Amino acid sequence: MKVIMIDPGHGGSDPGASYKGHEEKYYNLLIALGLRDFLLKHYQVNVIMTRESDRELSLEERSRLANARGVDFFLSIHHNAGGGTGFESYIYDGRVSNDMVSLQATIHNEIVSSINKHSVVDRGKKRANFHVLRETTMNALLVEVLFIDRDTDVALMQSPAFRSDVVSGLGKGVAKALALPDAQKATFKVIAGSFSDRKNAEERVEELAARKIDSFITSLLLDGKTYYRVQAGAFADRQNAENLVQTLKGYKIDAFLVVEGAVSSVPPVSPPKPTNTPKPTPPPQSPSKPGYSILGESVLKGHQLDEFARKVNPAAPLLGAYYATLGRLYGIRGDVAYAQALHETNFFRFTGQVKASQNNYAGIGTTGPGADGAQFSTPEEGVHAHLQHLFAYATTSPLPGSIPLIDPRFSLVKRGIARDWTDLNGKWAVPGTTYGQMILALHERNLSDSIASSKAQILLMEDAMKQLMNK
């Protein structure tokens, strides 16, 4: 499987080009995250990101990382400045292979074709002595999507539809240039219980057989110990698998899905250790954390959000960076909004009325039986809609900048009626008298999990320091 490194330019204290409050680093990251998701969804490929959040990396760190990981292709994403307009791409102006020239042409032409309907100027295929092109040892390409100091270009940059076309062109171009095979189709396995004692698993098989549901036992080795899972079916269609999960839950069996065959940029995180008598999570006490505002800064990083979700659902989509980055754009606590998405989607397992294909992580428009809610074309649009809906509840201010309205129910919200998360009780979820508390309880669990991971990492680093000092 080929390995691609995507490099969102700038980050952290280095904003890149800036104009009227717009910072290049933000747009670089949005395109990069969208491309990562597009490639992983459609092709068999491994994707490594130089950054998935707003952090600073030197040019040397980027090139060294690419060389150390031995990736097959390096793609750096930027936006331009200097009074021009349009799209252009770059390869190194020194000695490069004919293969690299061909790769640039294929990717460049695919992008131009994809964004042509937006009347974007094609500034051509160029060459330059950029560090990340010169110092990387593999084929490398740098793209300058648009100009951040031209108002018409910025208006396009802020359009999720335009960014989706850029991502599609980039993804299809990279796939064609590198001959990436199509993604393997996922298999959705229904697990009807996981036990440390095989006898309990055998009893579950007998219970299912009595209900005319065929099943069998598979083993899972976790932390050196064997656990026994009861598999009750495997489906190519997720809906069929979810139907069986709901049937099993109707029999008071704690069933869940395991997705196999879907390609991921990071190894799936092992689920929590199974037990024979899992304890249900107690309902949060009311009131819980009153006065915790919806508006504010995220504390958790995108990767910490994703890691938390994947400990429960190894197939959870990588949305953490979207919530962290876009939350900052709206001035909303993106990490708590992520906890709300976990609550609404059952850790992105979508066991309720809303389906994964809708990219509707907040259940917007799902008002009852037969009302399946809104549908958004990309994960990024779904996160935008979620945050805009929260923005409508939390403030009477207009949406920031010239961001287009994506939330279809924005105008139906009585503006500014929920300053704190607990103010959503009885408003977002009816009757929902503890709705906000449940969101905050999930956020607390995420914080606790991340603190524990950080402490473990600190201990490892301290140990490494001691070993170095003793040499």
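Novice: When you look at the packing of aromatic side chains in this model, what are you seeing that I'm missing?
Specialist: Any two aromatic rings considered together are summarised by their centre-to-centre distance and by the angle between their planes. By the definition in use, this model includes 11 aromatic pairs. With centroids separated by 4.8 Å and ring planes inclined at 70°, the aromatic side chains of Y26 and Y27 adopt a geometry described as edge-to-face. Y27 matches Y26 in its accessibility class, with the two residues each being buried. Here F38 and Y43 contribute two aromatic rings whose centre-to-centre distance is 6.4 Å and whose plane-to-plane angle is 50°, an arrangement assigned as tilted. Comparing F38 with Y43 shows no difference in burial state: the two are buried. Grouped by ring-pair contacts, the aromatic residues Y323, Y338, F348, F350 and Y361 constitute a single cluster. Lying over the aromatic face of Y292, R333 brings its terminal NZ or CZ to 4.2 Å of the ring centre.

Novice: Which parts of the structure should I look at to understand the packing of helix α3 (residues 98–115) against helix α6 (residues 160–178)?
Specialist: The description of two packed helices rests on the angle between their axes and on the distance between the axes. Packing of α3 against α6 leaves a shortest axis separation of 8 Å and a crossing angle of 150°. With respect to α6, the axis of α3 lies roughly antiparallel. Between α3 and α6 lies a crossing whose hand is right-handed. On the side of α3, the interface is formed by L103, T106, I107, E110, I111, S114 and I115, while α6 contributes F162, D165, V166, S168, G169, L170, K172, G173, V174, K176, A177 and L178. Considered class by class, the residues forming the contact of α3 with α6 number 10 nonpolar, 5 polar and 4 charged.

Novice: How should the environment of K199 be read in this particular structure?
Specialist: Tracing the backbone shows K199 in helix α7 (residues 198–210). K199 sits in the exposed class, given a relative accessible area of 54%. Measuring from C-alpha to C-alpha, the distance between K199 and I77 comes to 55 Å, with 122 residues separating the pair along the chain.

Novice: Help me understand α3, please; the structure alone is not making it clear to me.
Specialist: Each turn of an α-helix holds 3.6 residues, which means side chains three or four residues apart point in the same direction. Compared with an ideal rise of 1.5 Å per residue, which puts 18 residues at 26 Å, α3 spans 26 Å between its outermost C-alpha atoms and is within 8% of the ideal. Buried residues of α3: M100, L103, Q104, I107, H108, E110, I111, V112, S114 and I115, and no others. Taken together, the buried residues of α3 touch β5 (73–80), β6 (87–92), β7 (122–128), β8 (139–147) and α6.

Novice: Where do I start with the confidence of the model for the chain in this structure?
Specialist: Should pLDDT be low for a region, the predicted coordinates there are not to be read in detail. With 91% of its residues at a pLDDT of 70 or more, the chain shows a mean pLDDT of 87. Contacts for the low-pLDDT stretch residues 263–290, under 50 throughout, to residues beyond four places or in other chains number 54 contacts.

Novice: Quick question: what am I supposed to make of the packing of helix α11 (residues 334–345) against helix α13 (residues 435–469) here?
Specialist: Between α11 and α13, the least distance of the axes is 8 Å, while the angle of their chain directions is 110°. Taken together, the axes of α11 and α13 lie roughly perpendicular to each other. Judged by the twist between their axes, the crossing of α11 over α13 is right-handed. From α11, D335, V336, A339, Q340, L342, H343 and E344 reach across to α13, where they touch Y435, M438, I439, L440, L442 and H443.

The rules behind these values
Residues numbered from 1 in each chain as written. Predicted model: local features only at pLDDT ≥ 70, side-chain atom pairs only at ≥ 80, totals over all residues. Heavy atoms only, no water. Phe/Tyr/Trp six-rings, centres within 6.5 Å; stacked < 30°, edge-to-face > 60°. Buried < 20%, exposed > 50% of the residue type's maximum accessible area, 1.4 Å probe, protein only. Lys NZ or Arg CZ within 6 Å of the ring centre and 35° of its normal. Axes fitted to C-alpha atoms, helices over the stretch in contact; angles between N-to-C directions. Helix = DSSP H or I, 4+ residues; strand = E, 2+ residues; numbered from the N terminus. Parallel < 35°, antiparallel > 145°, perpendicular 65-115°, else oblique. Left-handed = near helix turned anticlockwise from the far one by under 90°. Contact = heavy atoms within 4.5 Å. Nonpolar A, V, L, I, M, F, W, Y, C, P; charged D, E, K, R; others polar. Expected span 1.5 Å × (residues − 1). pLDDT = per-residue confidence, 0-100.

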